[in-house]
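The residues making up each chain are set out below.
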Amino acid sequence: MRWRRVTVRGPSMSPALADGDVVLVRFDAPVRPGDVVLVTWDARPGQLSVKRAVRPDDDGWHVRGDNPFGSTDSATLGPARVRAVARLRLWPRPGRIPPGRR
């Protein structure tokens, strides 16, 4: 399995993750509802997004940002393809990623 550092951009995962936070993601990891995931969208080729997995769908996963006022997610773009699962925040406060608050 592959691991990679990913920098969060934008406010969509606030308050759990902030713009500039660095997380460690694991490719080919099993996904569970509530996991923070790295996704791609058919509607936005080439864009990677960090979101929270909600539920599986025939076409991928429904995902959402933790910030209801600043997230473009499955409500707008439909199901996403999960590429990796975030396991830890590396910077600036190393440790587990807090659960969603919605």
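For every chain, the first residue of the written sequence is number 1, and numbering continues from 1 along that sequence. Where local features are concerned, this predicted model is filtered to residues with pLDDT of at least 70; where side-chain atom pairs are given and counted, the filter is 80 or more; whole-chain, interface and lining totals use all residues. To get the side-chain values, all heavy atoms of the structure are used, and hydrogens and water are removed first.

- The name that an unreviewed UniProt entry assigns to the protein is Peptidase S24-like, with the source organism given as Pseudonocardia ammonioxydans.

Side note on the overall build of the protein
Inference 1: What the protein contains, in helices and strands, is one helix and six strands.
Inference 2: Numbering goes from the N terminus for both helices and strands, where a helix is a DSSP run of H or I of at least four residues and a strand is a run of E of at least two. Its helices and strands taken in sequence order, the protein reads β-β-β-β-β-α-β from the N to the C terminus.
Inference 3: Looking at the protein alone, contacts between residues at least 24 apart form 51% of all its contacts between residues at least 6 apart.
Inference 4: Under the convention used here, a 1.4 Å probe and the Shrake-Rupley method define accessible areas, while residue burial counts only the protein chains that appear. A total of about 6,000 Å² of accessible surface is found on the protein, and carbon and sulfur atoms cover 49% of it.
Inference 5: The sign given to each residue is positive for Lys and Arg and negative for Asp and Glu; His and the chain ends receive no count. Positions of charges follow a simple convention, taking NZ of Lys, CZ of Arg, CG of Asp or CD of Glu. Treating the 19 positive side-chain charges of the protein as one cloud and the 10 negative ones as another, the clouds have centres 7 Å apart. Any two residues whose heavy atoms approach within 4.5 Å are treated as being in contact.

Overview of the packing of aromatic side chains
Inference 1: The pairing test for Phe, Tyr and Trp rings, Trp by its six-membered ring, is centres within 6.5 Å, and the orientation test on the planes gives stacked under 30 degrees, edge-to-face over 60, and tilted for anything in between. Counted under the stated rule, the structure contains zero aromatic pairs.
Inference 2: The criterion is that NZ of a Lys, or CZ of an Arg, lies within 6 Å of the ring centre and within 35 degrees of the ring normal, and then a charge sits over that ring. Lying over the aromatic face of Phe-27, Arg-2 brings its terminal NZ or CZ to 4.4 Å of the ring centre.

Topic: the sheet that holds strand β5 (residues 60-64)
Inference 1: Pairing between strands requires that DSSP locate at least two bridges from one strand to the other. The sheet built from six strands is open, its strands ordered β1-β2-β6-β3-β4-β5 with antiparallel pairing. For this open sheet the edge positions go to β1 (3-7) and β5, each flanked by a neighbour on one side alone. Averaged over all neighbouring strand pairs, the angle between strand axes comes to 50°, with direction disregarded.
Inference 2: Relative to β5, strand β4 (residues 44-57) runs antiparallel, the two being bridged by five bridges. Each residue of the ladder has a partner; that of Ala-53, found in β5, is Val-63. Inter-axis angles, ranging from 0 to 180 degrees, are taken between N-to-C directions of lines fitted to C-alpha atoms, where helices are fitted over the stretch in contact.

Here we look at the side chain of Arg-52
Inference 1: By the element assignment, Arg-52 lies in strand β4.
Inference 2: Note on exposure labels: buried denotes an accessible area under 20% of the residue type's maximum, exposed denotes more than 50%, and partly exposed covers the range between, all computed with a 1.4 Å probe on protein chains only. Overall, Arg-52 belongs to the buried group, its relative accessible area being 7%.
Inference 3: Under this definition, polar contacts are N or O atom pairs within 3.5 Å; protein pairs additionally need one hydrogen-donor-capable and one acceptor-capable atom, and for neighbouring residues in sequence, both atoms have to be side-chain atoms. A distance of 2.7 Å separates a polar atom in the side chain of Arg-52 from a polar atom in the side chain of Asp-66.

Some words on unusual backbone geometry
Inference 1: Cis geometry is adopted by the peptide bond preceding Pro-15, which originates at Ser-14 and carries an omega value of 10°.
Inference 2: Along the polypeptide, Pro-15 turns up in the loop between β1 and β2 (22-27).
Inference 3: Looking along the chain, the bond that leaves Trp-91 and enters Pro-92 is cis, with omega of 5°.
Inference 4: The topology assignment puts Pro-92 in the segment after β6 (81-91).

A word on the environment of Ala-80
Inference 1: For Ala-80, the location among the structural elements is in the loop between α1 (74-77) and β6.
Inference 2: Ala-80 sits in the buried class, given a relative accessible area of 0%.
Inference 3: Here the alpha-carbon distance between Ala-80 and Val-36, two residues 44 residues apart in the chain, equals 13 Å.
Inference 4: When near neighbours in sequence (up to four residues on either side) are disregarded, Ala-80 contacts Val-39, Thr-40, Trp-41, Asp-59, Gly-60, Trp-61, Val-63 and Ser-74.

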